[in-house]
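# Overview (structure and organization)
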Amino acid sequence: MRRRRRRHVPVPAGACAQTPSPVRRRVLTLPLVPEAVRQARQDTAASLAEYGIGPADSAFAGSVLLVVSELVTNALRHAADRSPTADVVIAVGAGQLVIGVADQDPRLPDLSPHAVGEGLRTVRELTASYGGALSVETAVHGCGKVVLARFALPGDTTCR
């Protein structure tokens, strides 16, 4: 397995007391191999703990980890033939958590209610249960896509 890149934007000391919460963002680049799902879950769990978002066994954290598993599994199943890697983005700020899984496959999944499979249906239901939504966008650089799962953060975790 190739070494994955890990980038992190730290929170400046005292930032919460003076300004609205900054966006904290981590990007994990993983090879699209079966081990990617496990690695994405582990790294996401570590990020959630670092950001002070619920204990690892909380319902919210469990929902987020299931969403990560489903999105990385979909990238592995549907994009691995066109994308050797996927980026898993974990971003927290402004009272929300955003999980993004980006790959280099330009085919966009149909997110209409009658077209999604069980995995994306589960993701949609979990994000909705936390005041969020599921969406897909063409990648900024024009090659590929990113599937985004947004959650409203339960309680006040913006300054942890």
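The paragraphs below set out a description of the structure included in this document.

Analysis parameters
Residues numbered from 1 in each chain as written. Predicted model: local features only at pLDDT ≥ 70, side-chain atom pairs only at ≥ 80, totals over all residues. Heavy atoms only, no water. Helix = DSSP H or I, 4+ residues; strand = E, 2+ residues; numbered from the N terminus. Buried < 20%, exposed > 50% of the residue type's maximum accessible area, 1.4 Å probe, protein only. Contact = heavy atoms within 4.5 Å. Areas by Shrake-Rupley, 256 points an atom, 1.4 Å probe, with all protein chains shown as cover. Expected span 1.5 Å × (residues − 1). Arc of directions from axis to C-beta. Axes fitted to C-alpha atoms, helices over the stretch in contact; angles between N-to-C directions. Left-handed = near helix turned anticlockwise from the far one by under 90°. Nonpolar A, V, L, I, M, F, W, Y, C, P; charged D, E, K, R; others polar. Parallel < 35°, antiparallel > 145°, perpendicular 65-115°, else oblique. Core = buried A, V, L, I, M, F, W, Y, C linked by side-chain atoms within 4.5 Å.

## Some points on the overall build of the protein chain
- Of the regular secondary structure elements, the protein chain holds four helices and six strands.
- Counting from the amino terminus, helix and strand elements in the protein chain follow one another as β-α-β-α-α-β-β-α-β-β.
- A burial count over the protein chain gives 44% of its 160 residues as buried.
- At a minimum sequence separation of 6, the contacts of the protein chain that also span at least 24 residues come to 66%.
- Surface exposure of the protein chain reaches about 8100 Å², of which carbon and sulfur atoms provide 56%.

## What about helix H4 (residues 118–129)?
- The terminal C-alpha atoms of H4 lie 16 Å apart, and with 12 residues this matches the ideal 16 Å at 1.5 Å per residue to within 8%.
- Within H4 the residues assigned to the buried category are Gly119, Leu120, Val123, Leu126 and Thr127. End-on view of H4: buried residues confined to an arc of 125 degrees, all on one side of the axis. Facing away from the buried side of H4 by over 90 degrees, the exposed positions are Glu118, Glu125, Ala128 and Ser129.
- Residues of H4 that are buried make contact with helix H3 (59–79), strand S5 (133–138) and strand S6 (145–152).

## Here's the deal with the packing of helix H2 (residues 35–50) against H3
- Where H2 meets H3, the axes come as close as 9 Å, and the angle between the chain directions of the two elements is 150 degrees. When you trace H2 past H3, the crossing you get is right-handed. From H2, Ala36, Val37, Ala40, Arg41, Thr44, Ala45 and Leu48 reach across to H3, where they touch Ala61, Val64, Leu65, Leu66, Val68, Ser69, Val72 and Thr73.
- Class assignment of the residues belonging to the contact of H2 with H3 gives a composition of 11 nonpolar, three polar and one charged.

## What about the packing of H3 against H4?
- H4 packs onto H3 with a crossing angle of 150 degrees between their chain directions and a minimal axis gap of 9 Å. In terms of axis orientation, H3 runs roughly antiparallel to H4. H4 is crossed by H3, and the crossing has left-handed handedness. When H3 is examined against H4, the residues Ser63, Leu66, Val67, Glu70, Leu71 and Asn74 are found in contact with a partner set consisting of Gly119, Leu120, Thr122, Val123 and Leu126.
- Its residues assigned to classes, the contact of H3 with H4 comprises six nonpolar, four polar and one charged.

## Here's the deal with the nonpolar core
- Counting 34 residues, the largest nonpolar core has Leu71, Val72, Leu97, Ile99 and Phe151 as the members making the most contacts within it.
- Looking at this core, the elements that each hand over two or more residues are strand S2 (24–31), H2, H3, strand S3 (85–93), strand S4 (96–103), H4 and S6.
- It is H3 that contributes the most residues to this core, eight residues altogether.
- Contacts of Phe151, omitting those with residues within four sequence positions, involve Phe60, Val64, Val67, Gly95, Gln96, Leu97, Ile99, Leu126, Thr127, Tyr130 and Gly132.

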